[in-house]
Amino acid sequence: MSVSSDSQPAAPLGVGAIIADSFSIFFGNFFKVLALGFVPAFGGVVISGFISGWDVTLGTATPDPADFAVLPQVLTFIATTALWGIGVALLVQLAYDAKHGRSRPLGQYFGPAINAAIPIAVLSMVGAIIAGLGFMLLIVPGLWVYGAISVLAPAVVFDKVGFGGLGRSFNLTKGYRWPIIGVLIVIGLCTVLINFAAIFVSGLLLSVLGSGGVVLIVSLIVVAFVYALVYGLSGISVALIYARLREIKEGTQISELAAVFD
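Note that the structure is a prediction, hence the values are computed from the model and not measured.

How each quantity is defined
Residues numbered from 1 in each chain as written. Predicted model: local features only at pLDDT ≥ 70, side-chain atom pairs only at ≥ 80, totals over all residues. Heavy atoms only, no water. Helix = DSSP H or I, 4+ residues; strand = E, 2+ residues; numbered from the N terminus. Buried < 20%, exposed > 50% of the residue type's maximum accessible area, 1.4 Å probe, protein only. Contact = heavy atoms within 4.5 Å. Salt bridge = Lys/Arg side-chain N within 4 Å of Asp/Glu carboxyl O. Axes fitted to C-alpha atoms, helices over the stretch in contact; angles between N-to-C directions. Parallel < 35°, antiparallel > 145°, perpendicular 65-115°, else oblique. Left-handed = near helix turned anticlockwise from the far one by under 90°. Nonpolar A, V, L, I, M, F, W, Y, C, P; charged D, E, K, R; others polar. pLDDT = per-residue confidence, 0-100. Patch = residues over 30% accessible without salt bridge, like charges linked within 9 Å, V, L, I, M, F, W, Y side chains within 5 Å. Areas by Shrake-Rupley, 256 points an atom, 1.4 Å probe, with all protein chains shown as cover. Expected span 1.5 Å × (residues − 1). Arc of directions from axis to C-beta. Core = buried A, V, L, I, M, F, W, Y, C linked by side-chain atoms within 4.5 Å.

### Side note on the overall build of the protein chain
Scanning the protein chain from N- to C-terminus turns up 11 helices and 0 strands. Walking the protein chain from its N terminus toward its C terminus, one meets helices and strands in the order α-α-α-α-α-α-α-α-α-α-α. Within the span of the protein chain, comprising 262 residues, buried residues form 44% of the whole. Put simply, of all contacts in the protein chain between residues at least 6 apart along the chain, 78% involve residues at least 24 apart.

### Things to note about the pattern of salt bridges
By the definition in use, this model includes 8 salt bridges. Here D159 ties to R246 by a salt bridge, and the two come within 2.8 Å at their closest N and O atoms. Taken together, the residues span a long stretch of sequence, with D159 in helix α7 (residues 152-159) and R246 in helix α10 (residues 213-250) at a distance of 87 residues. On the basis of relative accessibility, which here comes to 21%, the residue D159 falls in the partly exposed class. The class for R246 is buried, based on a relative accessible area of 10%. One salt bridge connects E250 with R246, and the closest N-O pair in it is separated by 2.5 Å. Pair noted here: E250 and R246 are both in helix α10, with a separation of 4 residues, about one helical turn. Overlapping salt bridges bring together D159, R168, R246 and E250 as one network.

### Some details on the packing of α7 against helix α8 (residues 165-173)
The interhelical angle for the contact between α7 and α8, taken along N-to-C directions, is 115 degrees, at an axis separation of 8 Å. Taken together, the axes of α7 and α8 lie roughly perpendicular to each other. Both α7 and α8 take part in a crossing whose hand is right-handed. For the pair formed by α7 and α8, the contact residues are L152, A155, V156 and D159 on the first element and G165, L166, R168 and S169 on the second. Tallied by class, the residues present in the contact of α7 with α8 amount to 4 nonpolar, 2 polar and 2 charged.

### Observations regarding the confidence of the model for the protein chain
Residues of the protein chain with pLDDT of at least 70 account for 80%, and the chain-wide mean is 80. Predicted confidence in the protein chain is weakest over helix α11 (residues 254-258), with a mean pLDDT of 62, and strongest over helix α1 (residues 15-28), with 93. The low-confidence segment residues 1-5 (pLDDT under 50) makes 7 contacts with residues lying over four places distant or belonging to another chain.

### With respect to a nonpolar patch on the surface
Together, F50, I51, V74, L75, F77 and I78 line one region of the surface with nonpolar side chains, adding up to about 560 Å² of accessible area. Here I51 lies in helix α2 (residues 30-52). Judged by its relative accessible area of 35%, I51 falls in the partly exposed class.

### Digging into α1
For α1, spanning 14 residues, the distance from its first C-alpha to its last is 20 Å, which sits close to the expected 20 Å at 1.5 Å a residue. Taken together, the buried positions of α1 are I18, I19, S22, I25 and F26. All buried residues of α1 lie within an arc of 135 degrees about the axis, which places them on one face of the element. Opposite the buried face of α1, by more than 90 degrees, sit the exposed residues G16, F27 and G28.

### Structural notes on the nonpolar core
It is characteristic of soluble globular proteins that their nonpolar side chains tend to be buried jointly. With 64 residues, the main nonpolar core has I120, I241 and L245 as its most contacted residues. For this core, the element with the most residues is α10, which contributes 18 residues. Discounting residues that sit within four places of it in the chain, I241 has contacts with I18, V151, I180, V183 and L184.

### Description of the environment of G232
Along the polypeptide, G232 turns up in helix α10. Sequence separation of G232 and L34 is 198 residues, and the distance between their C-alpha atoms is 7.6 Å. G232 has contacts with F26, V33 and L91, leaving out every residue within four places of it along the chain.

### Description of unusual backbone geometry
Even without being a glycine, K160 presents a positive backbone phi close to 55 degrees. Looking at where K160 falls in the secondary structure, it is placed in the loop between α7 and α8. A relative accessible area of 54% means that K160 is categorised as exposed.

Okay, here's the thing in structure tokens:
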């Protein structure tokens, strides 16, 4: 796998601007991000809790290899990936509306997100397998693949290409994968910190107040809200990367993307 062809983009991606805009939209629409991301995030937490155990899901215990069963774990991965797809599809729409300075009722985001969820989930799993193989070979090929598949979610939502989203992402990111990886690394570090905060808070609640039903539910809600923030920041950043690539390569303005569901 060659990575040298991505070294000289025709026009700069604007890594700093994308990161700055991602945080600006994230904090400027904080409660909308929470509201849109919470439902799929909570669904994923509950499914994981039922199959893997509540302590493992909340990060207060490590999974026991003796309890590992392939089928339940595969089903968990499929279900949570589908819910992740819905979450990201919701939040890329919010990102474009926010960037364009317009507002829609939050309920209008769900139809396109649900329609896009299955292709996003399936393609994300395929991409994750390819990236995983790349990481097994060396870190660099894995990162390269990660950059190549990074905009498949907005491609499925806005281009309505369905299962062609993976190819669309590969084409759009060509020549820009390393700058994209730079954005994703910064955003990824922030989401790691957010996840660490969730584990710390849920662990504190369980250790101080016990593991009763009410405390468990509160802990799950806390974790789901934090995952909603992760969906939000990730979804916003890939949405802006996608918009910038469309602008550079196809001359498409963000107002045209935001109006696709009008």
